[in-house]
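# Working through the structure, step by step
Residue strings, one per chain:
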Amino acid sequence: MRAGTAGGVATLGLMQKFDFPVMIKGYKYLVQLTPAGISRDNFPYYGHFYGCMAMRLLGQEYQDDKDFREKTRAYVAGVQKDLLSWQTAEGIFSFRAGVDGNTENAAYPTAFATMALFVPEGRLSIYNRTPPKLPKNAEAKDK
């Protein structure tokens, strides 16, 4: 549920549904859980990626609220600290759950870790997008 909450909050943020009570409850849950809570999961990279995305979007939306802004930044900083501590000398991230140093098939966790680390910089277009406008003929079909 931890990673799922992060994914849900990020999805609502991307949909620009910042006022939904469920989003705020999810945010509060993630702040209380802390990145360390997600780091204990079997595949924490998923939760960290979506948690960072959610916190970045919320931090932007509520940037005038100092407490909110500080909590979202602290959350992202905690994720970055954990992720960077897991990176090997070769620059890869291995699976976390009981694999102890196994670097086989590390492409998937490395990709998720890299994306999570780049969230604060907004380097992926999904973080800086405006919702697409439907073509005129698509709008006509809905009426």
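See the structure above.
The structure displayed is predicted, hence computed values, not measured ones.

### Thoughts on the packing of aromatic side chains
In this description, a pair of aromatic rings is defined by centroid distance and the angle of the planes. By the definition in use, this model includes 13 aromatic pairs. Aromatic side chains Tyr45 and Phe93 sit 6.2 Å apart centroid to centroid with 80 degrees between the ring planes, which places their arrangement in the edge-to-face category. Pair noted here: Tyr45 is in helix 3 (residues 44-61) and Phe93 is in the loop between helix 4 (66-86) and helix 5 (107-118), with a separation of 48 residues, a long-range link. On the basis of relative accessibility, which here comes to 1%, the residue Tyr45 falls in the buried class. Between the aromatic rings of Tyr46 and Phe112, the centroid separation amounts to 6.1 Å while the plane-to-plane angle is 55 degrees, which identifies the pairing as tilted. Here Tyr46, found in helix 3, pairs with Phe112, found in helix 5; they are 66 residues apart in sequence, far enough to count as distant. The exposure class assigned to Phe112 is buried, which follows from its relative accessible area of 9%. These aromatic residues form a ring-pair network of at least three members: Phe43, Tyr45, Tyr46, Phe49, Tyr50, Trp86, Phe93, Phe95, Tyr108 and Phe112.

### Notes on the packing of helix 1 (residues 2-14) against helix 2 (residues 21-39)
One way to put it is that helix 1 packs onto helix 2 with a least axis distance of 9 Å and a crossing angle of 135 degrees. As the angle between them shows, helix 1 and helix 2 are arranged oblique. Classified by chirality, the crossing of helix 2 by helix 1 is left-handed. In contact with Arg2, Thr5, Ala6, Val9, Leu12 and Gly13 of helix 1, helix 2 contributes Val22, Met23, Gly26, Tyr27, Tyr29, Leu30, Leu33, Gly37 and Ile38.

### Let's talk about the nonpolar core
Of all hydrophobic cores here, the largest spans 31 residues; its most connected members are Leu30, Tyr45, Leu58, Leu83 and Phe93. Elements with a contribution of two residues or more to this core: helix 1, helix 2, helix 3, helix 4 and helix 5. Ranked by the residues each element gives to this core, the list is headed by helix 3, at eight residues. Apart from residues no more than four positions distant in its own chain, Leu83 is found in contact with Tyr45, His48, Phe93, Ala113, Ala116 and Leu117.

Cut-offs used in this document
Residues numbered from 1 in each chain as written. Predicted model: local features only at pLDDT ≥ 70, side-chain atom pairs only at ≥ 80, totals over all residues. Heavy atoms only, no water. Phe/Tyr/Trp six-rings, centres within 6.5 Å; stacked < 30°, edge-to-face > 60°. Helix = DSSP H or I, 4+ residues; strand = E, 2+ residues; numbered from the N terminus. Buried < 20%, exposed > 50% of the residue type's maximum accessible area, 1.4 Å probe, protein only. Axes fitted to C-alpha atoms, helices over the stretch in contact; angles between N-to-C directions. Parallel < 35°, antiparallel > 145°, perpendicular 65-115°, else oblique. Left-handed = near helix turned anticlockwise from the far one by under 90°. Contact = heavy atoms within 4.5 Å. Core = buried A, V, L, I, M, F, W, Y, C linked by side-chain atoms within 4.5 Å.

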